[in-house]
Amino acid sequence: MLTVRGAELVWTGTREIERGEVHVGTDGLVVATPEPAAENLDATGCIVTPGLVNAHHHLMQSLFRTLPGTRGVPMREWLPTMAAAYTAAGVDAELCHRAARVGLTESVLCGVTTVADHHLTWPAGLPDAGVGIATAVADAADAVGARLVFVRGSARDDPQEAAASAEAIAVALRGRCQVAVGPAGVHSDAPETFALLGEVAARHGLRRRTQANEQVDVEVAAQRYGRRPLELLDEWGWLADDVTLAHLCAITDEERARLAATGVSATHAPGCDLPMGWGIAPVAALTDDGVGVGLGTSGGGSNDAGHLLADARLAMQVAPLAGRALTAREVLGFATAGGAAGLGRPDLGHLDPGAAGDLVCWDVSGPADEGVHDRLAGLLWANPGRRPRHVVVGGRVVVRDYVAREQERSL
Ligand SMILES: [Zn+2]
């Protein structure tokens, strides 16, 4: 179906192949040999990598970037300012579709092929609206050609309502995209919400995701329960190998050991955590302890962008301040297979035969890449803000010569 030819280097996720080719079969999976009549995709001057996995996004926030009163403020001020903007705009399926189209188009233009959208804002008292919003986001993913994981989140929702809505979404989106569940954190949701969403996950075989140790999370856990967020999550059965925790700033050594013992995985989101002043999650130490680490941008309300490769560069640059330096290969691993593992998706984040045909061609022939001695490391160290030439999802070209399929449609 598709053969990527002419690349300088193919990085499969584990191997670096000089002048390699990648073949994608008619079923959209990577195959070892080219199929007859396959389309050729010219990757001259490019490094080919697996598609990036943005393991933590809030796509709806793509319409709420750089809002007055949200920069340089503590999270306890940020949250109500964002909430007031959502209320003023009116969160419905149409707004969520528009936001997801923006966020997902931006994502593919940055080399991201899979986005986990942790959706937290739902119209109160309208349980059926949940399916409408989830379907609207899935429609946006289809239009853009991106791979979506829809996370039915909750932020102070009625626990029963959240669970009923998650159940309905799991059924409605079955066969379309992966669904997961995820309370926003112990600061926003009661143990009952964690328990009920956990039951929905168990019934439908869904992954569980939440956030921990954002600033307000630690404050509220101390005030309300006299505990630390990770102690509560452990008690509530949410430190387990089907759970991924985003953020994890300012965790103690003892908490790190607890995470490693439970098999939980982590999502690092430095492009949110740093500007919000939450600190730098000790991801190198987590990796050394055996905790799986993925990478996410978090939402436009805190990050203002969804450029995962730029955030991978940031993760690498700040790592020495949080314990030890990370290599470019380690961070590229977070941005691909690491995020995929947290989603329970061994088919994503690498290019070995049988993997999903999700790949990116990064042109490294320009002046910003001249003089780079380690080309794969140079993907992150050099050329900040780099954008991919081509992006392929499941064997379909969704970005060709820097233009997204979605943009072409509206030209
Ligand atoms: Zn987040």
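For the structure itself, consult the block above.
It should be emphasised that the depicted structure is a prediction, and the values quoted were computed from it without experimental measurement. (Residues numbered from 1 in each chain as written. Predicted model: local features only at pLDDT ≥ 70, side-chain atom pairs only at ≥ 80, totals over all residues.)

Our next topic: the overall build of the protein. Secondary structure assignment for the protein yields 14 helices and 19 strands. Here the protein has a C-alpha radius of gyration of 20 Å; the compact-globule value for 411 residues is 22 Å, and the two agree. Seen through its principal axes, the protein has C-alpha atoms that stretch 60 × 45 × 40 Å. In the protein, 76% of the contacts between residues at least 6 apart in sequence involve partners at least 24 apart. (Helix = DSSP H or I, 4+ residues; strand = E, 2+ residues; numbered from the N terminus. Rg over C-alpha atoms; globule rule 2.2 N^0.38 Å. Contact = placed C-beta atoms within 7 Å.)

Taken together, seven strands build an open sheet; the order of strands is E3-E2-E7-E16-E17-E18-E19 and the sheet is mixed. Among the strands making up the open sheet, the edge pair consists of strand E3 (16–18) and strand E19 (403–404). As paired strands, strand E7 (residues 46–50) and strand E16 (residues 359–363) are joined by five bridges and run antiparallel to one another. Bridge pairing links Cys46 to Asp363 in E16. (Pairing = 2+ DSSP bridges.)

Our next topic: the pairing of strand E1 (residues 2–5). Here E1 shows one buried face, formed by Leu2 and Val4, and one open face, formed by Thr3 and Arg5. Across four bridges, E1 lies against strand E6 (residues 39–42) in parallel orientation. Looking at E6, one finds that Val4 is bridged to Leu41. As defined by bridge partners, E1 adjoins strand E4 (residues 22–24) across three bridges and the pair is classed as antiparallel. Each residue of the ladder has a partner; that of Val4, found in E4, is Val22. (Buried ≥ 20, exposed ≤ 12 C-beta atoms within 10 Å, placed from the backbone.)

Interhelical geometry of helix H11 (residues 308–318) versus helix H12 (residues 328–342) gives an angle of 140 degrees and a closest axis separation of 10 Å. In terms of axis orientation, H11 runs oblique to H12. Between H11 and H12 the crossing geometry is right-handed. Note on element contacts: H12 touches H11 through Ala328, Val331, Leu332 and Ala335, opposite Leu308, Ala312, Ala315 and Met316. (Axes fitted to C-alpha atoms, helices over the stretch in contact; angles between N-to-C directions. Parallel < 35°, antiparallel > 145°, perpendicular 65-115°, else oblique. Left-handed = near helix turned anticlockwise from the far one by under 90°.)

With that out of the way, let us pick up the packing of helix H4 (residues 159–172) against helix H5 (residues 191–204). Contact geometry of H4 with H5 gives a least axis separation of 8 Å together with a crossing angle of 20 degrees. With respect to H5, the axis of H4 lies roughly parallel. You can see that H4 and H5 cross each other, and the crossing is right-handed. Each of Pro159, Gln160, Ala162, Ala163, Ala166, Glu167 and Ala170 in H4 lies in contact with H5, whose residues at this interface are Glu192, Thr193, Leu196, Leu197, Glu199, Val200 and His204. Split into classes, the residues belonging to the contact of H4 with H5 amount to eight nonpolar, three polar and three charged. (Nonpolar A, V, L, I, M, F, W, Y, C, P; charged D, E, K, R; others polar.)

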